[in-house]
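Spelled out, the chains give:
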Amino acid sequence: MNRFYLWLLVLGGFFVLTSHPLFSQSQPNVVLIITDDQGYGDLGYHGNPLIQTPVLDALAAESIRFTQFYVSPVCAPTRSSLMTGRYSLRTGVRDTYNGGAIMSPAEITLAEMLKAAGYRTGMFGKWHLGDSHPSRPIDQGFEVSLMHNSGGMGQVGDVTTWFEGDRSYFDPVLWKNGKKKAYQGYCSDIFTDEALTFIEKNKDQPFFCYLSFNAPHTPLQLPEKYEAMYADIAPEKALGEGYPVEMSERNKSDARKVYGMVSNIDDNVGRVLKQLEDLNLTRETIFIFLTDNGPQQARFNGGMHGRKGSVYEGGIRVPFFFRYPALFSGQRDISTAAAHYDLFPTLAELCGGRLPRDRVIDGKSLVPLLSGQNVSWEERSMFHYWTRKYPERYRNMALRKGDFKLVAQTNYDAPLGDFELYNLDIDPFEQQNLIKEQAEIGVALKIEMDQLHQALIRSPNLLQAPYISVGHPAENPVILNRNDAGGARGIWSQEEVFGTWRVKVAPGRYSLRFKFVKDIPAGGTLYLETHTLVHTRKVDQATDLVEMKEVVLPAFEGELIPFYRVGNQRIFPFWVEVEKVD
């Protein structure tokens, strides 16, 4: 019996099956590729005369292109919406670190939905939605995963690459299905190799391959071959006269490296496309390419205002190419505004998946637009925000509805005149603030912004942040890293900073290892605070690694707070490894 009809027989109380008359008889494969900090302008297809992206340019030419496709201003929020079809705040994801990049395990992901529909699921590259149980890819529906920790290789939360410095992208130790494994080569090539192996292994059944490159995110590291490609270019020449960006010498150097990293990605995307062709899978495969936010550094970005972290167009509008030859004709543009959270309901409809009925799905299926139907697309509000730790009222917020976009870059109690209003149809570069001329539109959008902001910050997964499992058989030992640490705002690699991890501890006897950024001086005391129980150990010699053994912990849910006190210093560990020994 066809899988589609099987699902008709198993409809449950919490899900609804989506269907569409254009469904083919077999379920399509899904290859979803996302890159990290590659802006709208980092493609030849989008008018950059310097970058070499022949594969992506050709893919764009034969795809359905959403010319106004939006994501979140930064990495983890984009990924949570992509995986769930929901605003990131609903999922518990509010930041890229500070403990705010852990998605609630109660969320239903694309992988879980497609796995339930009979798909094999694999994830390769950057996850950034939780490094420990129960929030890892293998806990969230992916049968196979190869990932780095935290928001990027070479960042503080990625404990296996941080100390490698300017070699962190080469010959890395990664996490294969939750276990550390050493690899040879360049990270983007490695992730592609694993994706190709997954596709080959599952070519005879529906599969979902999520290839999530960490490039061209900083640190900007790339093979010499690709660095040489751009050694002699002048990146500022891509800007053209009157472009609203100035490039420093550092920006120019960074642009050369980013372009090389993108060209490497381009080659790797070509490898995936070739394998699909060789396996005769191209026609029956949904192939999607997008990026996660605007560029981090100043460079050509299609003339748009703002970049990564910003709610202006340059921070949130990205490339989006959709190809599915068996069902949709490509080589066309769709100008209707769409967003990352629309992929969840779209793929549910095309793949015979089931949408959860017990939660809000903010996305909307794009199938009517993809099919070229003459549909009446109802205007909807699209909310964007980003500030560190939690949303700040009227700081870096935006709400778009139809052609109009309200931007808030002001104080919490600011009057309407301090806001910005743009008509993106006639002013896509956000140059003409219309808030005085069309105040009534600004008022209506501000009311919606207020309502949505207030609803989102009351989301249960935000109010009750996810716990990291300690002593759970699915991951023992567990490494608590800096990316997932809460405490001081902006906690990173500082030594003297207050930090804590939110944990759910199983009762038992534990062994703990505390790693520090560098040697701590002798003569101090290491503290381990776990709820009402405090353990201490004197440290008699300078060291960067201290152990506590035979620590008996009760069951509890709360904060694990470690620090080393010596003199007037209070030093937070770089990471803590916690192992339940019985």
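Residues numbered from 1 in each chain as written. Predicted model: local features only at pLDDT ≥ 70, side-chain atom pairs only at ≥ 80, totals over all residues. Heavy atoms only, no water.

Caption draft 1: Focus on the pattern of salt bridges. Applying the stated criterion across every chain yields a total of 33 salt bridges. Residue arginine 509 is joined to glutamate 550 by a salt bridge in which the shortest nitrogen-to-oxygen separation is 2.7 Å. Separated by 41 residues along the polypeptide, arginine 509 in strand 24 (residues 508–520) and glutamate 550 in strand 27 (residues 543–553) bring together distant segments of the chain. Owing to a relative accessible area of 24%, arginine 509 belongs among the partly exposed residues under this scheme. For glutamate 550, a relative accessible area of 54% gives the class exposed. If you follow the salt bridges from partner to partner, you end up with Arg136, Asp139 and Glu475 in one network. (Salt bridge = Lys/Arg side-chain N within 4 Å of Asp/Glu carboxyl O. Helix = DSSP H or I, 4+ residues; strand = E, 2+ residues; numbered from the N terminus. Buried < 20%, exposed > 50% of the residue type's maximum accessible area, 1.4 Å probe, protein only.)

Caption draft 2: Seen up close, the layout of surface pockets. Counted as a void, the largest pocket has a volume near 270 Å³. Every residue lining the largest pocket is counted, 17 residues in all, and those nearest its centre are Thr96, Gln155, His217, Lys308 and Arg388. Here the second largest pocket defines a volume of roughly 230 Å³. What lines the second largest pocket is a set of 17 residues, and nearest its centre among them are Arg94, Asn98, Gly99, Gly486 and Arg502. (1 Å grid on protein atoms, 1.4 Å probe; cavity = no way out; pocket = protein on both sides within 12 Å on 5 of 7 lines; lining within 4 Å. Points joined across faces, edges and corners; volume = space filled by probe spheres on them.)

Caption draft 3: Just the sheet that holds strand 3 (residues 64–66), in detail. With respect to topology, ten strands assemble into an open sheet ordered 8-7-6-5-9-2-10-12-3-13, the strand pairing being mixed. Lying at the two open borders of the sheet, with one neighbouring strand each, are strand 8 (179–182) and strand 13 (332–334). Ignoring strand direction, the axes of neighbouring strands in this sheet form an average angle of 20 degrees. Here six bridges tie strand 5 (residues 120–126) to strand 9 (residues 207–212), and the two strands are oriented parallel to one another. Bridge assignment links phenylalanine 124 to a residue of strand 9, and that residue is leucine 211. (Pairing = 2+ DSSP bridges. Axes fitted to C-alpha atoms, helices over the stretch in contact; angles between N-to-C directions.)

Caption draft 4: Just the pairing of strand 2 (residues 29–35), in detail. For strand 2, the buried fraction is high: seven of the seven residues fall into the buried class. What you see with strand 2 is no split at all: Asn29, Val31, Ile33 and Thr35 on one side and Val30, Leu32 and Ile34 on the other are buried throughout. In the sheet, strand 2 pairs with strand 10 (residues 285–291) via seven bridges, with the strands oriented parallel. Its bridge partner lying in strand 10, valine 31 is registered against phenylalanine 287.

Caption draft 5: Structural context of the packing of helix 6 (residues 187–201) against helix 8 (residues 249–278). In contact at an axis separation of 10 Å, helix 6 and helix 8 are set at 10 degrees when each is read in the N-to-C sense. Judged on the interaxial angle alone, helix 8 and helix 6 are roughly parallel. In contact with Ser188, Asp189, Thr192, Asp193, Leu196, Ile199 and Glu200 of helix 6, helix 8 contributes Asn264, Asn268, Arg271, Val272, Gln275 and Leu276. (Parallel < 35°, antiparallel > 145°, perpendicular 65-115°, else oblique. Contact = heavy atoms within 4.5 Å.)

Caption draft 6: Seen up close, the nonpolar core. Ranked by internal contacts, the top residues of the largest apolar core, which has 56 residues, are Phe66, Phe208 and Tyr210. The dominant element in this core, judged by the number of residues it contributes, is helix 10 (residues 343–351), at six residues. Sequence-distant contacts of tyrosine 210, defined by excluding residues within four places in its chain, comprise Leu32, Ile34, Arg79, Leu82, Met83, Gly122, Met123, Phe124, Lys126, Trp127 and Phe142. Residues Leu56, Leu59, Val258 and Phe300 belong to the second largest nonpolar core, which totals 51 residues. (Core = buried A, V, L, I, M, F, W, Y, C linked by side-chain atoms within 4.5 Å.)

Caption draft 7: Expanded view of the pairing of strand 24. Relative to strand 27, strand 24 runs antiparallel, the two being bridged by eight bridges. Opposite arginine 509, over in strand 27, you have valine 552 as the bridge partner. Strand direction decides the pairing type here: strand 24 and strand 30 (residues 575–580), joined by six bridges, are antiparallel. From the neighbouring strand, serine 511 faces strand 30, where its bridge partner is glutamate 579.

Caption draft 8: Structural view of the environment of isoleucine 334. Note on placement: isoleucine 334 falls in strand 13. Isoleucine 334 sits 302 residues away from leucine 32 along the chain, and the two C-alpha atoms are 19 Å apart.

Caption draft 9: Broad picture of unusual backbone geometry. In this model, histidine 133 is joined to proline 134 through a cis peptide bond whose omega is 15 degrees. Of the consecutive residues alanine 215 and proline 216, the connecting peptide bond is found in the cis state with omega at 0 degrees. Of note, glutamate 550 is a non-glycine position whose phi angle comes to about 55 degrees, a positive value.

Caption draft 10: Seen up close, the side chain of aspartate 158. Relative to the helices and strands, aspartate 158 resides in the loop between strand 6 (144–148) and strand 7 (173–176). In this structure aspartate 158 is buried but unpaired, with lysine 180 as the nearest side chain of opposite charge at 10 Å. Those residues in contact with aspartate 158, other than ones at most four positions away along the chain, are His148, Asn149, Ser150, Gly152, Met153 and Trp175. (Lys, Arg positive; Asp, Glu negative; His and termini not counted.)

Caption draft 11: Quick look at the packing of aromatic side chains. Following the criterion strictly, the structure yields 27 aromatic pairs and no others. Taking 6.1 Å as the distance between ring centres and 85 degrees as the angle between the ring planes, the aromatic pair formed by phenylalanine 198 and phenylalanine 207 counts as edge-to-face. Residue phenylalanine 198 is classed as buried on the basis of its relative accessible area of 5%. Take phenylalanine 207: its relative accessible area is 0%, and that puts it in the buried class. Centre to centre, the rings of tyrosine 230 and tyrosine 259 are 5.8 Å apart; their planes meet at 65 degrees, and the pair counts as edge-to-face. Within this pair, whereas tyrosine 230 is found in the loop between helix 7 (224–229) and helix 8, its partner tyrosine 259 is found in helix 8, the two being separated by 29 residues in sequence. Each member of the pair, tyrosine 230 as well as tyrosine 259, carries the same accessibility label: buried. (Phe/Tyr/Trp six-rings, centres within 6.5 Å; stacked < 30°, edge-to-face > 60°.)

Caption draft 12: Main features of the side chain of threonine 160. Note on placement: threonine 160 falls in the loop between strand 6 and strand 7. With residues up to four places along the chain from it excluded, the contact list for threonine 160 reads Val173, Trp175 and Lys180.

Caption draft 13: Here's a closer look at helix 3 (residues 75–84). Burial analysis of helix 3 places ten of its ten residues in the buried class, the great majority of the element. Of all the residues in helix 3, the buried ones are Cys75, Ala76, Pro77, Thr78, Arg79, Ser80, Ser81, Leu82, Met83 and Thr84. Among the residues trailing helix 3, glycine 85 stands out with phi positive, at a value near 75 degrees.

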